[in-house]
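# Analysis of the macromolecular model
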Amino acid sequence: INDYRKISSVIKEAKELADIIVIFFHGGAEGVHAEAVLRKQETSFNESRGNVYEMAHHCIDEGADLVIGSGPHVTRGMEIYKEKLIAYSLGNFATYGNMSLHGPMGYAPLLKVYLNKKGHFVKGSVLPVIQKPGKTSHPAADSGRQAVTKLQFLSKRDFPSSVLNINNDGFLTIKNF
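All values reported here derive from a predicted model rather than from experimental measurement.

## Regarding a nonpolar patch on the surface
The grouping of Phe-93, Leu-110 and Leu-127 at the surface amounts to a nonpolar patch, some 260 Å² of accessible area in total. Residue position: Leu-127 is located in strand 8 (residues 121–127).

Pasting the structure below:
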């Protein structure tokens, strides 16, 4: 996540092999305190976890069509950058062991995205999923739609000028001005 030359090289190589380039990364600080996209270098467990904002924009600038993050174990906001979608973290989907699933650590939005032939975002949706703490925890539909509500809040807070609209049903569209 911190080696931009390598990122550029991988994207360049992938563009020769595929029409649409999706970048999936694990980065940023971890835990309930890490919901914000800070736009600065983050650390976790004394390890440099990158500037996820800068890195995601770099990926798009280099030719990626969609950037999806994980790592904080919580949901982070989404934005449209140069007609491309960036989802900074989709939280915990299928976690086991001694990972906390309390509160926002249990939110797990599933993302469905439609891109056009140029890789530009067309529309999408979020299916709210949750994992509740317990020995038999597994992803389940979240009738409370907590992941959608959290994505709406974080996306508006962290990217107020983004043209991405997330409605209460989890549909993703471009805002009409």
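## A few points about the packing of aromatic side chains
Within the structure shown, the criterion is met by three aromatic pairs. An angle of 20° between the planes, with centres 6.4 Å apart, marks the rings of Tyr-53 and Tyr-88 as stacked. In this pair, Tyr-53 is assigned in helix 2 (residues 52–61) and Tyr-88 in the loop between strand 6 (84–87) and strand 7 (110–115), connecting sequence segments 35 residues apart. Since its relative accessible area comes to 0%, Tyr-88 is described here as buried. Measuring from centroid to centroid gives 6.4 Å for Tyr-53 and Phe-159, while their planes differ by 15°, and the two rings are stacked. Of this pair, Tyr-53 sits in helix 2 while Phe-159 is found in the loop between helix 3 (146–158) and strand 11 (164–166), placing the two residues 106 residues apart along the sequence. Phe-159 matches Tyr-53 in its accessibility class, with the two residues each being buried.

Here is what the cut-offs are and how they apply
- One numbering rule holds for all chains: residues counted from 1, following each sequence as written.
- With the structure being a predicted model, the display of local features is reserved for residues of pLDDT at least 70 and the display and counting of side-chain atom pairs for 80 or more, all residues being used for whole-chain, interface and lining totals.
- Side-chain measures were taken over the full set of non-hydrogen atoms in the model, leaving aside hydrogen atoms and water.
- Residues enter patches when they are more than 30% accessible in relative terms and free of salt bridges; like-charged ones are connected within 9 Å and nonpolar ones (Val, Leu, Ile, Met, Phe, Trp, Tyr) within 5 Å.
- Computed by Shrake-Rupley with a 1.4 Å probe, the accessible areas treat only the displayed protein chains as cover when residues are assessed.
- We define a salt bridge as a side-chain nitrogen of Lys or Arg found within 4 Å of a carboxyl oxygen belonging to Asp or Glu.
- Going along the chain from the N terminus, every DSSP run of H or I of four or more residues is numbered as a helix, and every run of E of two or more is numbered as a strand.
- Any two of the Phe, Tyr and Trp rings considered here, Trp counted by its six-membered ring, make a pair once their centres fall within 6.5 Å; the pair's planes then place it as stacked at under 30 degrees, edge-to-face at over 60, or tilted in between.
- The classification of residues rests on relative accessible area computed with a 1.4 Å probe and restricted to protein chains. Under 20% of the type maximum is buried, over 50% is exposed, and intermediate values are partly exposed.

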